[in-house]
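# Analysis of the macromolecular model
The lines below spell out each chain.
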Amino acid sequence: MSRAGISRLWLPVLAVGAGLLTLMLGLAAGGYDPLLALAALWRGALGSPDAILSALLPRAIPLIIIGLGIGLAFRAGALNIGAEGQFYAGAIAATWIGLSLSAWPRPLAVPVVLAVALAAGLLWASVPVFLRLRFGVLEVISTLLLNFVAEALVSWMVQGPLQESKHIYPQSDPLPLAARLPQLPGTRLHLGLVVALGLAGLLWVFGTRTLLGFQLRATGANPLAAQVMGGVNTRRVFGLALAVSGALAGLAGGCEVSGTSFALFQSLSPGYGFTAIAVALLARLNPLATIGTGLLFAALEAGSSAMQREAQVPAVVVSVVEAVIIVAVLLADSAQRRRLLAEAGA
Amino acid sequence: MPPALELRGISKRFGQVEALAGVDFTLNEGEIHALLGENGAGKSTLMKVAFGLVQPDAGSVAIGGTAIRVGDPTAARRLGVGMVHQHFTSIPAFTVAENVALTAGWRLRPRQVLERVRRLAEGTGLLIDPTLLVADLSAGLKQRLEVLKALAADARVLLLDEPTSVLSPPDAEALLRGVQEFRARGVATVLITHKLREAVAIADRVTVLRRGRVVHTGPVRDETAERLAGYMLGEPMTGEPPRRAPAGPSTGEVRVRAEGLAVERLGGSGTGLRSASLSVRSGEVVGVAAVEGNGQRELLRAIAGLRRPASGRLEVARPSGFIPEDRSTEALIGEFTLTENLVLSQGHLAPWIRGPWVDWGRAERRTMELIESFAVRTSGPGAPAASLSGGNQQRMVIAATLERRPSVLVAENPTRGLDFRAAGEVMDRLRAAATDGVAVVVHLSDLDELLAVADRVVVLADGVLVDLPPDASREDIGRRMLGATAG
């Protein structure tokens, strides 16, 4: 028990260490100065209050919110890898409604914007839910493919119905102040952080203290037993989890538009929907741990641009670190599972 | 000649439980060696050590005189050891032939594989269509495939872990005949079994384990089933399980009423339920006698509310409780704790549920009480269900099922894989439930057990239910079960 507890605590640290070590070796082999790059990575993510408040935390918000939803879906056995598309669905809806609310009072307009984004993500994810429950189409495939549809939809929107009034750039008009999430003065940190932290707490309570949360976990662990012994409507639980995870990704899209970008454009997301899968997996689908892993990946993303600026290292190499971390965690997981299986073989 | 398999001083602990304590075991060339013992006596663990699946804390393993590295699962296989596990190990999405070829490591064209599996099936009497998908097989056919796989890899030593526990009597006999034929060809076999009659009938030697220690080993010809039972339990046993005296017509209120009930078949094999009319009253145990795949699963699951009738009428008093046949995939979630499994089984009506909330402390206290009152051997309510032996898992399942205070209790082969003491305890629990006024419907693949527990027996053959007079003889029931399957 205690041994397992220690390894669970140390594993993320070791995984991150392995990822950074791999990066350093790669940089050294490629003729870069690894220490300079690492220092830049650190400065960009955590080196100053401004880095933390304006670079790290704003990036952590979407990662945490999406990661929470993905964790919920994965726990129920629903492999939602369409968060990127659901994020865009939320962003489109938030932009569209936000632009028409300029006359509203801010405390009313912002919740409406976020609620509409949430609903859009839910709607976007309910397509795969319907396809799975009605026709047995695997959600892995349908959610993935809908990402491309969503990206195409954004591209059309910013050159068509939602294009700025001057019709020059492929982006929307900026959102009116009424539709913007309040920011901490002088920084880019917005109120979405509170939303993310609140959701993490809420989902933690849901998963550990409520019957439905427990039945959701049972559905993912063994749908047959959940149905036969627990009388759980596993199809409904599965669909609910997938739809809610879409809603959260949509909410993250709404927060991004309303709190950070204030406009819709292509590549609004630097792959948040995919990185958040890693965020959720590294957190072992635990909502509270998702806060930590969301911050970690946000730090890597924030630091990567500084690294490019200061050490001329291409920012994409950070994805090497992310990949190594994920592989390390998956390896440790499967080793642990083998050990458990061997011990349970009594 | 060195023995086919020799285990010396094998010891293994699982946490607090000492599974094996210095066990010596010798399997001679060309013999059938029965390995007996109660659930949890260490039989399966010992054979897993021999096969390299469990790393012992101490001891050595030699196969045909060659010492192997303990805990290496490929070494035993290379030296010609095949094992059939208690649990199915086939790939559902593959055909029978593909599963056999995979285990045996054949590199053949699909047509050749089919032909070879067909020949193998005929040669061993384990008849099975090699083109069927494993997902579509009944439990009986899946077990047949497991044995076929172990035989296919040119095994010289066969380890069979309760191979007949899910087979109907004629299937079991065919399998045991096959084992005897392999002895004639020089294959040495370890037969783990609960069925003493099997051991006495076909084994040459017998070893009995009790609580991880060898309490007896020797030739079978000097033994009787009663004496072997005595070794297993550490106390003498009295003869065959008794037949329950036919009771007068029950006068309790009717809790289950089915008329012309038909249910579509479950899975890909069997007949489904074509026509069943019966009523079950409060306080009686009705036994459903049937050979695998004759509609009993469909009948029981319809009564339990898990399958919708295709036609006919079915009225069942609620709440009902259901004990599914497959403990590890349906009755329990192995990686969940006992408390979590209890909470799952009780749904939203349990006392520890307040609105949407679960009071885990209260649920755990109740789990602890049930562990005590059902004498479950476990480290506590926080133990994962998979860490319990089969008999203790079943105690927990029955405890959870009765916890719902059911009007109707449906049990689907609840003694599967249990030794006779654990099986007897399950049957006592069913009887006790009936005494408390529950209407009990039970199917047991073992006819002797069914006759011992049921007030009256109905027979399902080819999906049609036949009511029998209470004084129907065992032979009559057996004939009806089998007669229709031949047709």
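Right, let's walk through the structure included here. Values in this document were obtained by computation on a predicted structure and should not be read as measured data.

Criteria and cut-off values
Residues numbered from 1 in each chain as written. Chains lettered and ligands numbered in written order. Predicted model: local features only at pLDDT ≥ 70, side-chain atom pairs only at ≥ 80, totals over all residues. Helix = DSSP H or I, 4+ residues; strand = E, 2+ residues; numbered from the N terminus. Rg over C-alpha atoms; globule rule 2.2 N^0.38 Å. Buried ≥ 20, exposed ≤ 12 C-beta atoms within 10 Å, placed from the backbone. Contact = placed C-beta atoms within 7 Å. Pairing = 2+ DSSP bridges. Axes fitted to C-alpha atoms, helices over the stretch in contact; angles between N-to-C directions. Core = buried A, V, L, I, M, F, W, Y, C linked by C-beta atoms within 7 Å. Nonpolar A, V, L, I, M, F, W, Y, C, P; charged D, E, K, R; others polar. Parallel < 35°, antiparallel > 145°, perpendicular 65-115°, else oblique. Left-handed = near helix turned anticlockwise from the far one by under 90°. Expected span 1.5 Å × (residues − 1). Arc of directions from axis to C-beta.

This paragraph deals with the overall build of chain A. When you go through chain A residue by residue, the secondary structure sums to 13 helices and 0 strands. When the elements of chain A are put in sequence order from the N terminus, they spell out α-α-α-α-α-α-α-α-α-α-α-α-α. Computed over C-alpha atoms, the radius of gyration of chain A comes to 21 Å, within 12% of the 20 Å expected from 2.2 N^0.38 for 346 residues, which places it in the range of a compact globule. On the principal axes, the C-alpha backbone points of chain A span a range of 70 × 55 × 30 Å. Counting every position in chain A, which comprises 346 residues, the buried fraction comes to 51%. Partitioning the intrachain contacts of chain A with sequence separation of at least 6 by distance along the chain shows that 78% fall at a separation of at least 24.

Our next topic: the overall build of chain B. In terms of helices and strands, chain B carries 16 helices and 21 strands. Seen through its C-alpha atoms, chain B measures out along the principal axes to roughly 70 × 55 × 45 Å. Expressed as a percentage of the 487 residues in chain B, the buried residues total 51%. The contacts of chain B with a sequence gap of at least 6 include a subset with a gap of at least 24, amounting to 69%.

Working definition: the strands of a sheet are paired by backbone hydrogen bonds and lie parallel or antiparallel to each other. All names here are of chain B. With mixed pairing, the 6 strands of this open sheet are ordered in space as S6-S7-S8-S3-S9-S10. Both edges of this open sheet fall to strand S6 (81–84) and strand S10 (213–219), since each of them pairs with a single strand only. Taking the axes of each pair of neighbouring strands and ignoring which way they run, one obtains an average angle of 15° across the sheet. This element, helix H1 (residues 43–51), spans strand S3 (32–36), S6, strand S7 (157–161), strand S8 (188–192) and strand S9 (205–210) of the sheet and lies at about 150° to S7.

All names here are of chain A. Along the chain, Gly250 falls in helix H10 (residues 234–261). Look at Gly250 and you get buried, because 35 C-beta atoms sit within 10 Å. Each C-alpha atom, one on Gly250 and one on Val112, is 13 Å from the other, the two residues being 138 residues apart in sequence. Sequence-distant contacts of Gly250, defined by excluding residues within four places in its chain, comprise Gln86, Phe87, Ala89, Gly90, Ala117, Leu118, Ala120, Gly121, Leu122 and Trp124.

Counting residues in each nonpolar core, the largest one holds 190 residues, and the members touching the most others are A:Ile65, A:Ile66 and B:Val440. In terms of residue count, helix H3 (residues 49–75) of chain A provides more of this core than any other element does, 14 residues in total. Residues within four places of A:Ile65 in sequence aside, it is in contact with A:Val195, A:Ala196, A:Leu199, A:Leu248, A:Leu251, A:Ala252 and A:Cys255. B:Phe25, B:Leu36, B:Leu114 and B:Val190 belong to the second largest nonpolar core, which has 70 residues in total.

Chain B puts 27 residues into the contact, and the matching count from chain A is 19 residues. For the side of chain B that touches chain A, a count of residues per class yields 18 nonpolar, 6 polar and 3 charged.

Here we come to the environment of A:Leu36. Residue position: A:Leu36 is located in helix H2 (residues 34–46). Along the primary structure A:Leu36 and A:Glu310 are separated by 274 residues, whereas in three dimensions their C-alpha atoms are 8.2 Å apart.

Let's shift gears to the packing of H3(A) against helix H7 (residues 192–209) of chain A. Residues and elements named next belong to chain A. It is at 9 Å that the axes of H3 and H7 come closest, and there the two elements cross at 25°. By the angle between their directions, the pair H3 and H7 is classed as roughly parallel. Crossing angle aside, the handedness with which H3 passes H7 is left-handed. Contact with H3, carried on its side by Leu57, Ile61, Ile64, Ile65, Leu68 and Leu72, involves Gly192, Leu193, Val195, Ala196, Leu199, Ala200 and Leu203 of H7 and no other residues of that element. Of the residues that constitute the contact of H3 with H7, the class distribution is 12 nonpolar, 1 polar and no charged.

Glancing now at the environment of A:Thr187. All names here are of chain A. Inspection of the secondary structure assignment puts Thr187 in the loop between helix H6 (139–157) and H7. Since 15 C-beta atoms lie within 10 Å of it, Thr187 is described here as partly exposed. In this structure the C-alpha to C-alpha distance between Thr187 and Ala332, which are 145 residues apart in sequence, comes to 39 Å. If we ignore the near neighbours within four places in the chain, the residues touching Thr187 are Leu53 and Ser54.

All names here are of chain A. Of all 11 residues in helix H11 (residues 272–282), 9 are buried, a share of seventy percent or more. Looking only at H11, the buried set comprises Tyr272, Gly273, Thr275, Ala276, Ile277, Ala278, Val279, Ala280 and Leu282. Two residues or fewer after H11 comes Arg284, characterised by a positive phi angle close to 55°.

Residue and element names in this part refer to chain B. Across the 5 residues that make up S7, a large majority, 5, are buried. Of the two faces of S7, both are covered, the one formed by Val157, Leu159 and Asp161 as well as the one formed by Leu158 and Leu160. Bridge analysis of S6 against S7 gives 4 bridges, and the strand direction is parallel. For Gly82, the partnering residue across the bridge sits in S7 and is Leu158. Across 5 bridges, the pairing between S7 and S8 is parallel. If you follow Leu160 over to S8, its bridge partner there is Leu191.

The subject of this paragraph is the pairing of strand S21 (residues 464–467) of chain B. All names here are of chain B. Bridge analysis of strand S20 (residues 456–461) against S21 gives 4 bridges, and the strand direction is antiparallel. Of the residues in S21, the one forming a bridge with Val459 is Val466. Remark: 2 residues form the turn of the hairpin made by S20 and S21, two consecutive strands paired antiparallel; Asp462 in that turn has positive phi of roughly 55°.

Here the focus is helix H4 (residues 110–124) of chain B. Residues and elements named next belong to chain B. With 15 residues, H4 extends 21 Å from end C-alpha to end C-alpha; this agrees with the ideal 21 Å at 1.5 Å per step. Buried within H4 are the following residues: Val113, Leu114, Val117, Ala121 and Thr124. Axial view of H4: buried residues confined to an arc of 115°, hence all on one face. What points out from H4, more than 90 degrees from its buried face, is the exposed set Arg111, Arg119, Glu122 and Gly123.

Residue and element names in this part refer to chain A. Close contact between helix H8 (residues 211–221) and H10 brings their axes to 10 Å; oriented N to C, the two are set at 105°. Of the possible angle classes, the one that applies to H8 and H10 is roughly perpendicular. In contact with Gln215, Leu216 and Thr219 of H8, H10 contributes Thr234, Val237, Phe238 and Ala241. Classifying every residue of the contact of H8 with H10 by side-chain character gives 4 nonpolar, 3 polar and no charged.

Attention now moves to unusual backbone geometry. Residue and element names in this part refer to chain B. Residues Arg318 and Pro319 are joined by a peptide bond in cis, for which omega reads -5°. Of note, Pro319 is situated in the loop between strand S14 (311–316) and strand S15 (320–323). Even without glycine at this site, Ala375 takes up a positive phi of about 50°. By the element assignment, Ala375 lies in the loop between helix H12 (360–373) and helix H13 (390–403).

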